Amino acid sequence: MLTKKLMLLSGVVAVLGGCGQTTSTDSNTSTANIAMGNTTASATPAVNRVRGVITAIGTDALTVQTYDGKSATVPLDPNTKFAWVVKSDLSTLKDGDFIGTATTGPDNALRAVELVIFPEAMRGTGEGHYPWDVPGAVAAAGGGTSGSSAMTNGTVDGQSAMTNGTVDGQSAMTNGTVAQQSGMTNGTVTGGAGKPGETKLSISYKGGKAQVVVPVGTPIVRFEPAERTVLAKGQKLFAIVATDSKGAKSVAVGKDGLTPPM
């Protein structure tokens, strides 16, 4: 039983590890290696990030209808890892947690579009600030599928004014309006207060620090271990497929109808 739990946990690590890829390729973004802020993304195998609804499950592949109405194939092999994406909230966020958040707006006025609280096993993975694409929270709502974005991973330095559950931090992910630059920031919450109904977080990562306002209603999620047997038609999916691999690196599905927001 302990061995099985450890294997499932390693699967979550693999799923989340895909969120730390510093380069990506899909129908809307080209392979890039861009320096942003104080951190320069390092070269890693290019990946395709697939977001949409599972329409068919085969022996070695999933068919997915992406949020822009297209059909995509997600190949599976014995090395593919699986995870649930589960709903959470900022009341569970603690000082020192490692987080990731997709944002819109300029660096001095970042606003979260979504926020992921990473498990302790993922601390430090993908830390920094690097390109990202349109997150599920935006794509599923019919938002744009192009534009620049970035992801920042880091650690919460400390936390204050959690009444409204806002996390201050820098992130970079293209979210919201296509014309806007967005990013995902993963880091440590250091505290801060936003406007009424908002929470402001301070996030530190190697080489930098940022503050992010988290508006009320921002999707907050965590990850849980899962196995392939949880897959079902109609589930909303976030998959990472490395271009140098025969199968998807990871597949994360929303639990109880949840849309993976990253």
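Since this is a predicted model, take the numbers as computed values, not measurements.

## Regarding the packing of aromatic side chains
Now for step 1: Within the structure shown, the criterion is met by one aromatic pair.
Now for step 2: Both rings, one in phenylalanine 98 and one in phenylalanine 118, keep their centres 5.6 Å apart while their planes meet at 50°; by these two values the pair is tilted. Taken together, the residues phenylalanine 98 in strand β7 (residues 98-104) and phenylalanine 118 in the loop between β8 (110-117) and β9 (128-131) connect sequence positions 20 residues apart.
Now for step 3: What makes phenylalanine 98 buried here is its relative accessible area of 2%.

## Considering the pattern of salt bridges
Now for step 1: Using the criterion set out here, one finds six salt bridges in the structure.
Now for step 2: A salt bridge links aspartate 97 to lysine 94; the shortest N-O distance between them is 3.5 Å.
Now for step 3: Judged by relative accessible area, lysine 94 falls into the partly exposed class, the value being 49%.
Now for step 4: When the shortest N-O distance is used, the salt bridge between lysine 255 and glutamate 224 registers 3.5 Å. Pair noted here: lysine 255 is in the segment after β17 (250-254) and glutamate 224 is in strand β15 (residues 220-225), with a separation of 31 residues, a long-range link.
Now for step 5: Classification of lysine 255 by relative accessible area gives partly exposed; the value is 32%.
Now for step 6: Given a relative accessible area of 32%, glutamate 224 falls into the partly exposed group.
Now for step 7: Bridged by salt links that share partners, the residues Arg49, Arg51 and Asp133 form one connected network.

## Some remarks on the environment of valine 230
Now for step 1: Mapped onto the secondary structure, valine 230 falls in the loop between β15 and β16 (236-242).
Now for step 2: As a C-alpha pair, valine 230 and lysine 255 span 25 residues in sequence and 9.4 Å in three-dimensional space.
Now for step 3: Those residues in contact with valine 230, other than ones at most four positions away along the chain, are Trp84, Gln235 and Val253.

## Here's the deal with the pairing of β8
Now for step 1: Counting buried positions along β8 yields seven of eight residues, so the element is predominantly enclosed.
Now for step 2: Where β7 lies against β8, six bridges are found, and the strand directions are antiparallel. Along β8, the bridge assignment pairs threonine 104 with arginine 111.
Now for step 3: Between the antiparallel neighbours β7 and β8 lie five residues, among them glycine 105 with a positive phi of about 95°.
Now for step 4: The pairing of β8 with strand β14 (residues 208-215) spans two bridges and is classified as parallel. Counted as the bridge partner of leucine 110 is valine 212 from β14.

## Thoughts on the side chain of threonine 218
Now for step 1: Inspection of the secondary structure assignment puts threonine 218 in the loop between β14 and β15.
Now for step 2: A distance of 2.7 Å separates a polar side-chain atom of threonine 218 from the backbone oxygen of proline 215.
Now for step 3: Excluding residues within four positions of it along the chain, threonine 218 makes contact with Ala112, Val113, Glu114 and Leu115.

## Details of the nonpolar core
Now for step 1: Leu62, Val74, Leu231, Leu237 and Val251 are the most contacted members of the largest nonpolar core, which totals 18 residues.
Now for step 2: Apart from residues no more than four positions distant in its own chain, leucine 237 is found in contact with Val50, Arg51, Gly52, Ile54, Leu62, Val64, Val251, Ala252, Val253 and Pro260.
Now for step 3: Counting 16 residues, the second-largest nonpolar core is a separate cluster that includes Phe223, Phe238, Ala242 and Met262.

## A short note on the pairing of β14
Now for step 1: Within β14, six of the eight residues are buried, which leaves it mostly tucked inside the rest of the structure.
Now for step 2: Strand direction decides the pairing type here: strand β13 (residues 198-205) and β14, joined by eight bridges, are antiparallel. Considered in β14, the bridge of lysine 200 is made with valine 213.
Now for step 3: The turn joining β13 and β14, which pair antiparallel and follow one another in sequence, is formed by two residues; a positive phi near 90° is taken by glycine 207.

Thresholds applied
Residues numbered from 1 in each chain as written. Predicted model: local features only at pLDDT ≥ 70, side-chain atom pairs only at ≥ 80, totals over all residues. Heavy atoms only, no water. Phe/Tyr/Trp six-rings, centres within 6.5 Å; stacked < 30°, edge-to-face > 60°. Helix = DSSP H or I, 4+ residues; strand = E, 2+ residues; numbered from the N terminus. Buried < 20%, exposed > 50% of the residue type's maximum accessible area, 1.4 Å probe, protein only. Salt bridge = Lys/Arg side-chain N within 4 Å of Asp/Glu carboxyl O. Contact = heavy atoms within 4.5 Å. Pairing = 2+ DSSP bridges. Polar contact = N/O pair within 3.5 Å; in protein donor to acceptor, adjacent residues only side chain to side chain. Core = buried A, V, L, I, M, F, W, Y, C linked by side-chain atoms within 4.5 Å.

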